[in-house]
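In case you want the letters, here they are:
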Amino acid sequence: MELCQDIYLPLTLSFTEMHLDKHTGGSYFMISRSLGPEFGGAVGLCFYLGTTFAGSMYILGAIEILLMYILPEAAIFKGEGPAMLNNMRIYGSICLLLMALLVFVGVKYVNKLASIFLACVIISIVSIYIGALVSAFKQPDFPVCMLGNRTISGHDIEDKQCKKMVPFKNTTEIFDSNFTANYENSTVGPTHSPAVVMETTSLWKVFCDGPELSASCDEYFASNNFSEIKGIPGLTSGVISENFWSSYLSKGDVIEKKSLSSSNVGHPASTRYPYVFADITTSFMVLVGIFFPSVTGIMAGSNRSGDLKDAQRSIPIGTILAILTTSIVYLSTVVLFGACIEGVVLRDKFGESVKGNLVVGTLAWPSPWVIVIGSFFSTCGAGLQSLTGAPRLLQAIAKDNIIPFLRVFGHGKANGEPTWALLLTALIAELGILIASLDMVAPILTMFFLMCYLFVNLACGLQTLLRTPNWRPRFSYYHWTLSFLGMTICLALMFISSWYYAIIAMVIAGMIYKYIEYNGAEKEWGDGIRGLSLSAARYALLRLEEGPPHTKNWRPQLLVLLKLDEDAHVKSPRLLTFASQLKAGKGLTIVGTVVSGNFLKSYGEFLAAEQTLKHLMDKERVKGFSQCIVAQKPHEGISHMIQSSGLGGMKPNTVVMGWPHAWRQSEDPQAWKTFINTVRVTTAAHLALLVPKNISLFPSNSEPCTEGYIDVWWIVHDGGMLMLLPFLLRQHKVWRKCGMRIFTVAQMEDNSIQMKKDLATFLYHLRIEADVEVVEMHNSDISAYTYERTLMMEQRCQMLRQMRLSKSDREREAQLVKDRNSMLRLTSIGSDDEDDTDGGERDRAASSSSAEHHRRIQMTWTKEKSLQYRVSHSGCSTPEGFRDMLSIKPDQSNVRRMHTAVKLNEVIVNKSHDARLVLLNMPGPPKNPEGDENYMEFLEVLTEGLERVLLVRGGGSEVITIYS
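Residues numbered from 1 in each chain as written. Predicted model: local features only at pLDDT ≥ 70, side-chain atom pairs only at ≥ 80, totals over all residues. Heavy atoms only, no water.

## Things to note about the packing of aromatic side chains
At step 1: Applying the stated rule across the entire model yields 24 aromatic pairs.
At step 2: An angle of 85 degrees between the planes, with centres 5.0 Å apart, marks the rings of Phe244 and Trp245 as edge-to-face. You'll find Phe244 and Trp245 in the same group, each marked exposed.
At step 3: The rings of Phe207, Tyr220, Phe221, Phe226, Tyr273 and Tyr275 are connected pair by pair, giving a single aromatic cluster. (Phe/Tyr/Trp six-rings, centres within 6.5 Å; stacked < 30°, edge-to-face > 60°. Buried < 20%, exposed > 50% of the residue type's maximum accessible area, 1.4 Å probe, protein only.)

## Description of a positive patch on the surface
At step 1: There is a patch of like positive charges on the surface, built from Arg621, Lys623, Lys733 and Arg736.
At step 2: Locating Lys623 in the fold gives a position in the loop between helix 23 (603-620) and strand 6 (625-631).
At step 3: A relative accessible area of 56% places Lys623 in the exposed class. (Patch = residues over 30% accessible without salt bridge, like charges linked within 9 Å, V, L, I, M, F, W, Y side chains within 5 Å. Areas by Shrake-Rupley, 256 points an atom, 1.4 Å probe, with all protein chains shown as cover. Salt bridge = Lys/Arg side-chain N within 4 Å of Asp/Glu carboxyl O. Lys, Arg positive; Asp, Glu negative; His and termini not counted. Charge placed at Lys NZ, Arg CZ, Asp CG, Glu CD. Helix = DSSP H or I, 4+ residues; strand = E, 2+ residues; numbered from the N terminus.)

## A word on the state of the cysteines
At step 1: In this structure the tally under the stated criterion is one disulfide.
At step 2: Residue pairing for Cys208: its cysteine sulfur links by disulfide to Cys217, the two sulfurs lying 1.7 Å apart. Between Cys208 and Cys217, the S-S torsion sits near 100 degrees, and that sign places the bridge as right-handed. Across this residue pair, the class does not change: Cys208 and Cys217 are buried. (Disulfide = S-S within 2.5 Å.)

## Re the packing of helix 3 (residues 27-35) against helix 4 (residues 37-70)
At step 1: Running from N to C, helix 3 and helix 4 point in directions that differ by 160 degrees, and their axes come no closer than 7 Å. By the angle between their directions, the pair helix 3 and helix 4 is classed as roughly antiparallel. The chirality of how helix 3 crosses helix 4 is right-handed. Taking contact as the criterion, the partners of Ser27, Tyr28, Ile31, Ser32 and Leu35 in helix 3 are, on helix 4, Pro37, Phe39, Gly40, Gly41, Val43, Gly44 and Phe47.
At step 2: The residue inventory of the contact of helix 3 with helix 4, partitioned by class, reads seven nonpolar, five polar and no charged. (Axes fitted to C-alpha atoms, helices over the stretch in contact; angles between N-to-C directions. Parallel < 35°, antiparallel > 145°, perpendicular 65-115°, else oblique. Left-handed = near helix turned anticlockwise from the far one by under 90°. Contact = heavy atoms within 4.5 Å. Nonpolar A, V, L, I, M, F, W, Y, C, P; charged D, E, K, R; others polar.)

## Structural notes on the sheet that holds strand 6
At step 1: The sheet built from 10 strands is open, its strands ordered 6-5-4-7-8-13-12-9-10-11 with mixed pairing. Edge positions in the sheet fall to strand 6 and strand 11 (771-776), since each has one partner strand and no second. The average angle at which neighbouring strand axes cross in this sheet is 20 degrees, direction not considered.
At step 2: Where strand 5 (residues 589-596) meets strand 6, seven bridges bridge the pair, whose relative direction is parallel. The residue bridging Val594 from the neighbouring strand is Ile629, located in strand 6. (Pairing = 2+ DSSP bridges.)

## Structural notes on the pattern of salt bridges
At step 1: The final tally for this structure, using the stated rule, is 11 salt bridges.
At step 2: A salt bridge links Lys349 to Asp279; the shortest N-O distance between them is 3.2 Å. Of this pair, Lys349 sits in the loop between helix 15 (343-346) and helix 16 (359-363) while Asp279 sits in the loop between helix 11 (240-243) and helix 12 (284-291), placing them 70 residues apart in sequence.
At step 3: Taking the relative accessible area as the measure of exposure, Asp279 reaches 32% and is therefore partly exposed.
At step 4: Of the charged contacts in the structure, one is a salt bridge between Arg741 and Asp711, with a shortest N-O distance of 2.8 Å. Taken as a pair, Arg741 in strand 10 (residues 739-746) and Asp711 in strand 9 (residues 709-714) lie far apart in primary sequence, 30 residues in all. There is no split in this pair, since Arg741 and Asp711 are both buried.
At step 5: One network of salt bridges, with partners in common, ties together Arg150, Glu256 and Lys258.

## Notes on the nonpolar core
Within soluble globular proteins, side chains that are nonpolar generally end up buried alongside one another.
At step 1: Ranked by size, the top nonpolar core spans 108 residues in total, and within it Ile341, Ile397, Ile403, Leu406 and Phe455 carry the most contacts.
At step 2: Broken down by element, this core gets its largest block of residues, 21 residues, from helix 4.
At step 3: Residues within four places of Ile341 in sequence aside, it is in contact with Gly231, Ile232, Pro233, Val239, Asn243, Leu346, Val359 and Leu363. (Core = buried A, V, L, I, M, F, W, Y, C linked by side-chain atoms within 4.5 Å.)

## Focus on the confidence of the model for the chain
At step 1: Here the chain averages 76 in pLDDT, and 75% of its residues register 70 or above.
At step 2: A low-confidence stretch, residues 163-197 (pLDDT under 50), is modelled with 52 contacts involving residues beyond four sequence positions or located in other chains. (pLDDT = per-residue confidence, 0-100.)

## Things to note about the side chain of Gln627
At step 1: Tracing the backbone shows Gln627 in strand 6.
At step 2: Aside from chain neighbours lying at most four places away, what touches Gln627 is Ile590, Val591, Gly592, Thr593, Leu613, Met641, Ser644 and Ser645.

## Points about helix 5 (residues 82-105)
At step 1: For helix 5, which comprises 24 residues, the first-to-last C-alpha distance of 35 Å matches the rise-based estimate of 34 Å (1.5 Å per residue) to within 8%.
At step 2: Along helix 5, the residues classified as buried are Ala83, Met84, Asn87, Met88, Gly92, Cys95, Leu96, Met99, Ala100 and Val103.
At step 3: As for helix 5, its buried residues are in contact with helix 4, helix 6 (107-134), helix 17 (368-400) and helix 18 (419-435). (Expected span 1.5 Å × (residues − 1).)

Dropping the structure here:
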């Protein structure tokens, strides 16, 4: 089969690739548009490499034919093995250079030569069929010399020497056959010398140590007779029954004819003697990999689709007819070779037993040169076709701009010829020629072609299963099972022929895929992978709806609330940085913001805010989605976002928002009221809440903490969020080197020692490593500081409320004066224009009536509101009222809360002043909105003196369990 390979490798290409592909892309275009730019680029480059290495293989085949069968004396290095490979490297490089120059000069010359190459192939095939038929009546004179059942190299035997030399068994003598009768009729006994003088020949010198009759000879040579068999016994010889069954050889095995009788001595054979050995270990898998490149022309129709008048009709018909034609030729010639040629000759790869002759050439009619010349030009033509098609495929990939560093190969000459791509193709082909061995190059391109066919089948099957609307094949005899069967066969053949080459090809394709995914240019072709993702996402979402999530499956699905300034810039970008550290770049993350205004009028601001969020997410490498909502009031927009974000089981379960910075100094209470309203909404929605305080001091992704602790103050068991969050943070490189400490508070009546043991046991079962400490808090009297702090809080709240009310009243008075002036101005204008027309008088009368009506409404409204305000707030509008406000006594419940906050803050600051991050429970807001300002003050007191604080409020469900 290896001898026949040189002839039949280019058959498919010669039959189906006779015209140059002007509209490049072919299978790459189909895969990339069906499976996306990542798969298209990866498989397209693999197909390009396969086509390029195919050119190397065809050139090596042509040089092998030239040096072995046409001009053996042209070899620069004499000998076999490495010398032959060096000859192929030199001549192959020269041939590649000439072919590349021919393609560079003009493709039209390649097209003109295509007809010559096709004619050579057809003539060669016809001559083989005629020769096989002639062999049935007249066998070619093609003798093979055998010693026992072992094949002997014809290079070491003189012509007709097998007929002349007849060794006698159990002797170490070999004589000319003319003297055999005299020896047998001699009356001299076996212990005496013969009656005639006997002379040894050159064959004796090959198997023996010297020309003397007493020389030591090979044991197998001395124990077996020489015989001569016909290398081509003919079509009617019945040799097919012997050749029908497989007979694979290992490297170094002697090629033997099993049906010949021989002695079993002398095993194994020594390479000192001219036996014919197998040069490689053969098997079905190896032969598949070597033979497969001869059937790689199936994509020729799609590669030439731009040159076809009706591609949708021509490609299926032409491809099927080409497959049928080549399959008939391949199968019929295999049967003819097995029926006409001896098995030992077929397995003699380089024809050593027949003096290096081309066996198929001897079978062909009328002359062996028909096959030799036809094979040479056929392989040259196939190499030219590869060097012509591969650069165009690379140019198509480069023009799609999916791989940035290949952009230069998309340019070429003024007429569009891919000059730079041709140069790269020639360099890669040179690497294949430097390998020099056909048996090593063939499996490489087999892997690349098989991978291309695998993904073509995957693309067709995937489009059918997804029921893509634009997938409307005209070919009516198609079913998706055929595609997946072909895909399975391609994958199996990759590993059957050469598993290590298959892994290498997959690794190369995977690296290209990941490069395009992360660094390649973005392309959107409506590919099937996106459709598959949609189907998979739909299926997964429906599955998630089947039941409530288990604690083991809980993941922090974040909704990060960001605030934008007037220039659409994020005020606290470090908030998203913290979210990325918490998620370690994985999981569901929705980044949202609220744009104030009306959606119809603020659509531009909406788009700008969305782009700002996406840009920040890309900068922080956060995988997720952005969501903007336009609302009249920010707290309403946040409420809508919390209610509507996500889909099904992928709704956010944790809200991350920033602390209202400088809320005490702000006269506008909108910021902290929105904050408290968000806390209430997340509590009502049973969502967890994370509030980083002093977010600007949190580390960025490029500032890892080299040491320190993450301190957890576990005051209330709130679903286990305080335990889980440090573990998640420590998965990120920023917090990886930080230790973990857990503090819990014990009262006087609690057993602090037992609490510490129980907490340590709990952490052990959770498989969380942390230092545990129990802090005892004694019941102490309320200090004067606490009382004073509470009093200042209430007085401040009252004063700010009074200032805001006064400000509102001043604004209303200013509006009243403005309305009055407007009314008087309209009245005066009406009295001055008495000479206008009737239409003008009617307009003025209507305006005057409207202004008067408006004035009455404003006057009535202002008077009622003014009386109501003065009655309810008369005490605060005078200096005496302010003095009364300063003399009020604080509410006792507020004092108790302040006392708890102050004492707890003292303990936390004492223990965790040097911590990198402090996590503590966030108390819930009061049910009565009138105490919102006091709630903010309590949180301030609780976290006072701490550098980085994360306030955590659970969602009411367990998020961590001791069961794996």
